[in-house]
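Summary of the model geometry
Here is what each chain is made of, one letter per residue.
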Amino acid sequence: MPEISPSKYLVTAGWNDVPHLDEKTKRELLAATPPHLRKARAEGAPSLGAGAIYPIEEDDILVNDFQLPRHFLRGYALDVGWNRTAALHGALDRENDILYLYREYYRGQAEPAVHAQAIKARGAWMTGCIDPASRGRTQNDGQQMVELYKRAELNLIYANNEVEAGIQEVWERLSTGRIKVFRSLQAFMAEYRIYRRDDKGKIVKKNDHLMDCMRYLVNTPAVFQRMPVPADFAASRMAAAAAAPLDPVMGY
């Protein structure tokens, strides 16, 4: 045992040092523990939680872009700001409980109307979720940010913005293969690689807009909706197929 002073010793104990935990229980506990806390909880090693928030290999989450089936539910998350506004589109395969992140929007220093127009071009019918804190953010004219986007005809609901609980939900999905990311999402992956905690265990709030969007999507299930099916969908699809190839993402 390491001596701290003539009258003090430091003793650490891990799961292997206690007889009441069997191997099955330890596996279950480990699976439910975030990666940055595993060593501390399982081995008793002191840790401040520094390091990657989602330490999961890129190859485990990336998939080649493919045509999404129409029955997948769609929705997006929006993180707004003057220096950077980001949107992340997701498609939910309810049968297998897999969330596919398939499109991103990433632009800075533009008016809400500009961002809204770009987002609507990717599916004006979709519902998006936005950080409730956006209600307190202002643009140059002092109007509330959310109201500006609603006036630009985006269908928005407020996201569940619980941070630590939300990160845990995202990590559980990532670690069990229930979030997949299209390889074309380059801005997303750039953020994913540097999303981390500092040496005090606090999240580094820099270049994390799409990481926040992923958390909003996972924790706001009401955002996902079915694609509308027009009455003449079959006829219009046949006509479109004759004129041009299918969109590789939207499937029509």
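Residues numbered from 1 in each chain as written. Predicted model: local features only at pLDDT ≥ 70, side-chain atom pairs only at ≥ 80, totals over all residues. Heavy atoms only, no water.

A word on the overall build of the protein. Secondary structure summary: the protein contains nine helices and 11 strands in total. Across the 252 residues in the protein, those meeting the buried criterion constitute 44%. Looking at the protein alone, contacts between residues at least 24 apart form 69% of all its contacts between residues at least 6 apart. Split by element, the accessible area of the protein, about 13,700 Å² in all, is 52% carbon and sulfur. (Helix = DSSP H or I, 4+ residues; strand = E, 2+ residues; numbered from the N terminus. Buried < 20%, exposed > 50% of the residue type's maximum accessible area, 1.4 Å probe, protein only. Contact = heavy atoms within 4.5 Å. Areas by Shrake-Rupley, 256 points an atom, 1.4 Å probe, with all protein chains shown as cover.)

With that settled, the discussion passes to the packing of aromatic side chains. Inspection of every chain in the model, using the stated rule, returns seven aromatic pairs. Note on Phe66 and Tyr100: the rings are 5.3 Å apart at their centroids and 85° apart in plane angle, and the pair reads as edge-to-face. In this pair, Phe66 sits in the loop between strand S4 (62-63) and strand S5 (73-79) while Tyr100 sits in strand S7 (residues 98-107), placing the two residues 34 residues apart along the sequence. Ring geometry for Phe66 against Phe182: centres 5.1 Å apart, planes inclined by 50°, an arrangement best described as tilted. Taken together, the residues Phe66 in the loop between S4 and S5 and Phe182 in strand S10 (residues 179-182) connect sequence positions 116 residues apart. Taking relative accessible area as the criterion, Phe182 reaches 0% and is therefore assigned buried. Put simply, the rings of Phe66, Phe72, Tyr100, Tyr102 and Phe182 pair up and form one aromatic cluster. A cation over an aromatic ring shows up here: Arg74 above the ring of Tyr102, its NZ or CZ 5.9 Å from the ring centre. Between Arg84 and the ring centre of Tyr106, over which it is positioned, the NZ or CZ distance is 4.6 Å. (Phe/Tyr/Trp six-rings, centres within 6.5 Å; stacked < 30°, edge-to-face > 60°. Lys NZ or Arg CZ within 6 Å of the ring centre and 35° of its normal.)

Quick look at the sheet that holds S4 now. Reading across the sheet, the seven strands line up as S4-S10-S7-S6-S5-S8-S9 and stay open at both edges, with mixed pairing between neighbours. For this open sheet the edge positions go to S4 and strand S9 (155-158), each flanked by a neighbour on one side alone. Here nine bridges tie strand S6 (residues 85-93) to S7, and the two strands are oriented antiparallel to one another. Its bridge partner being in S7, Asp93 is matched across the sheet by Ile98. Along the sheet, helix H4 (residues 112-120) makes contact with S5, S6 and S7, crossing S7 at roughly 140°. Taken strand by strand, helix H7 (residues 186-194) contacts S4, S6, S7 and S10, and its axis lies near 100° from that of S7. (Pairing = 2+ DSSP bridges. Axes fitted to C-alpha atoms, helices over the stretch in contact; angles between N-to-C directions.)

Let us look at the nonpolar core. Note on soluble globular proteins: their nonpolar side chains tend to be buried together. Among the nonpolar cores identified, the biggest contains 59 residues, and Tyr54, Leu78, Leu101, Phe188 and Met214 are the most heavily contacted of them. It is helix H8 (residues 209-219) that contributes the most residues to this core, seven residues altogether. Excluding anything up to four places from it in sequence, Tyr54 contacts Ile167, Val170, Trp171, Leu174, Tyr192, Tyr195 and Met214. (Core = buried A, V, L, I, M, F, W, Y, C linked by side-chain atoms within 4.5 Å.)

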